[in-house]
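# Residue-level structural notes
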Amino acid sequence: MQNKQIQVNLKDAEDVKCESCENLYFKPVFRIKRISPLISPNGKEAFVPVQLLACTSCGHINKDMGE
Ligand SMILES: [Zn+2]
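## Observations regarding the overall build of the protein
- Regarding its fold elements, the protein presents 0 helices and 2 strands.
- At 18 Å, the protein has a C-alpha radius of gyration far larger than the 11 Å of a compact globule built from 67 residues.
- Counting only residues that meet the buried cut, the protein has 3% of its 67 residues in that class.

## Focus on the pairing of strand S1 (residues 26-35)
- Counting buried residues in S1 gives 0 out of 10 residues, a small share hidden from the surface.
- Summarising the sheet, S1 and strand S2 (residues 46-55) pair through 10 bridges and their orientation is antiparallel. Bridged to Phe 30 within S2 is Gln 51.

## Section: the environment of Leu 38
- On the secondary structure map, Leu 38 appears in the loop between S1 and S2.
- Of the residues examined, Leu 38 has 7 C-beta atoms within 10 Å and is grouped as exposed.
- The sequence separation of Leu 38 and Ala 54 amounts to 16 residues, and the corresponding C-alpha distance is 31 Å.

## Digging into unusual backbone geometry
- Of note in this structure, Glu 22 is not a glycine but carries a positive phi near 65 degrees.
- Note that Glu 22 resides in the segment before S1.
- Residue class for Glu 22 comes out exposed when judged on the 11 C-beta atoms lying within 10 Å of it.

## Observations regarding the environment of Ser 20
- For Ser 20, the position within the fold is in the segment before S1.
- In this structure, Ser 20 is in contact with Cys 55, Cys 58 and His 60, ignoring residues within four places of it in sequence.

Here is what the cut-offs are and how they apply
Residues numbered from 1 in each chain as written. Predicted model: local features only at pLDDT ≥ 70, side-chain atom pairs only at ≥ 80, totals over all residues. Helix = DSSP H or I, 4+ residues; strand = E, 2+ residues; numbered from the N terminus. Rg over C-alpha atoms; globule rule 2.2 N^0.38 Å. Buried ≥ 20, exposed ≤ 12 C-beta atoms within 10 Å, placed from the backbone. Pairing = 2+ DSSP bridges. Contact = placed C-beta atoms within 7 Å.

Here it is in structure tokens:
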């Protein structure tokens, strides 16, 4: 097996803007998913954090960076 390295020049990459206010900066935020005991593998309630990126200016979460 060979390790293929993908070279990406970040200067050529496009900045992602907030869909709401066009801000360029984002911060990690967490949504917590509650796993019901009925569907949990061990039969116990569980909480699973899901990380999303929110705009630092208005708090908007872009659709393509959400679920
Ligand atoms: Zn924003």
